[in-house]
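# Examination of the molecular architecture
The chain contents come next:
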Amino acid sequence: MSLFDILGGEFIEIIEWTDDSRDTMVYRFPTVGRAIKYGAKLTVREGQAAVFIHEGQLADVFQPGLYMLETNNMPVLTRLQHWDHGFRSPFKSEIYFVNTTRFNDLKWGTKNPVIARDPEFGPVRIRAFGTYSMRVTDPGKFMTEIVGTDGEFTRDEISFQLRNVIVQEFSRMIAGSGIPVLDMAANTGQFGQMVAKAIGPTVAEYGLTIPEFYIENISLPDEVEKMLDKRISMGIVGDLDRFGQYAASEAMLNASNQPGGMGAGIGAGLGAGLGVAMAGRSGPWGAIPQAAPQPTAPPPVQTPPPLRPETLWHVALDGQAQGPHGRAALSRLAQEGRLSGDTLVWTPGQDGWKPARDIAELAPLLAPAPPPLPGAG
């Protein structure tokens, strides 16, 4: 074997990368102990970019395509290698393949509750979680700012930093939004767009972008949710006096139907009362048993009427439809002066938008208009 054959085996003629792991963002092509042949073929597939690092300096970034590594298509690296006079020797550089496809279903969430001031409940602690996607849009900046010399960089190595950025912006935005907790579920889409826009400049400094961002859930602590459930139950029950009478009658009926326990005690009490009523009555043959009085039938149990479901309204504010809002939210809008008799409202089943003054159900929420001043034309 000739010396040329031995040296020729150390030259790299084909440079490419294929990967199906779905989590590798950067892969360093192995060049240890070998040199890249002048005129070698570089294959960059769709969803990839190739970054050349020469002597610790970023030299070139190649987008998808097939390249012959020659002086005419490597101007930066040519200047570094001093090929301006036709020098065609092999060169040694580090080649990094960057995955530019979208990485989906990345998780984020608030590790600790976020303190917010709710207009109805006061200070509350809120938790939230969701998903997002990311992709590399500037391979050179991503290499210099994040990856460095890491030979195999995965998405898990950057997702933790992105979660911190997301939670910081979400906490700042949710605390200053002023939206009631009970209305947040209807505004998760709007919140998601606001958070994605807020973190965009910071993420761009990493050479990344966030194509999609979702808030899946916004929740209160367990103890607060239990209290909220009780409040909802009280609203469903309605008149507590009537409900108390209904519950007491149900308890009595259930006890009387039991073969022992309280049912037996009630029966014994009735028997003792009958014995006292018959004492002292006699006839020719001794005591005359009296017919036991028949127990009166309990009054019919009256069940509370079914509650009417709350009507939800859409309100036209600042030229945009907002809502749906319940009665409590509309009352706050009226107190703030944002809901008046001229404000257009709509609810499912209504024939088009109508002024609030024309809706009898909303009349109690609107401040009455003062009468005209005396002498006013």
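I will try to describe carefully the structure that is included in this document. (Residues numbered from 1 in each chain as written. Predicted model: local features only at pLDDT ≥ 70, side-chain atom pairs only at ≥ 80, totals over all residues. Heavy atoms only, no water.)

### Section: the overall build of the protein chain
Regarding its fold elements, the protein chain presents nine helices and 18 strands. Here the protein chain, with 377 residues, has 32% of them falling under the buried criterion. Intrachain contacts of the protein chain at a sequence separation of at least 6 include 65% that bridge at least 24 residues. Of the accessible surface of the protein chain, which amounts to about 23700 Å², a share of 55% is contributed by carbon and sulfur atoms. (Helix = DSSP H or I, 4+ residues; strand = E, 2+ residues; numbered from the N terminus. Buried < 20%, exposed > 50% of the residue type's maximum accessible area, 1.4 Å probe, protein only. Contact = heavy atoms within 4.5 Å. Areas by Shrake-Rupley, 256 points an atom, 1.4 Å probe, with all protein chains shown as cover.)

### Looking at the environment of Ser219
Here Ser219 is to be found in strand β12 (residues 208-219). For Ser219, the contacting residues outside a window of four places in its chain are Arg125, Ile126, Arg127 and Glu225.

### Looking at unusual backbone geometry
Leaving glycine out, the prevailing phi sign among residues is negative, and the prevailing peptide bond configuration is trans. Residue Pro324 is reached from Gly323 by a cis peptide bond, and omega for that bond is 5°. Positive phi is not limited to glycine here, since Asp318 has a value of about 55°. Of note, Asp318 is situated in the loop between β15 (313-317) and β16 (320-325).

### Focus on the pairing of strand β2 (residues 24-29)
With three bridges joining them, β2 and strand β11 (residues 152-154) adopt antiparallel strand pairing. Pairing of Thr24 across the sheet is with Thr154, part of β11. Pairing analysis gives four bridges linking β2 to strand β7 (residues 94-99), with the strands arranged antiparallel. Paired with Val26 across the bridge in β7 is Val98. (Pairing = 2+ DSSP bridges.)

### Description of the nonpolar core
Judged by nonpolar contacts, the single largest core of 41 residues is most densely connected at Met25, Val26, Trp108, Met134, Phe142 and Leu208. For this core, the element with the most residues is helix α4 (residues 156-176), which contributes eight residues. Apart from residues lying up to four places away in sequence, Phe142 is in contact with Met25, Val26, Val98, Val136, Val147, Phe153, Tyr206, Gly207 and Leu208. Ranked by size, the runner-up nonpolar core spans 16 residues in total, among them Ala40, Val44, Ala59 and Ile95. (Core = buried A, V, L, I, M, F, W, Y, C linked by side-chain atoms within 4.5 Å.)

These results come straight from atomic positions and should not be treated as a statement about function.
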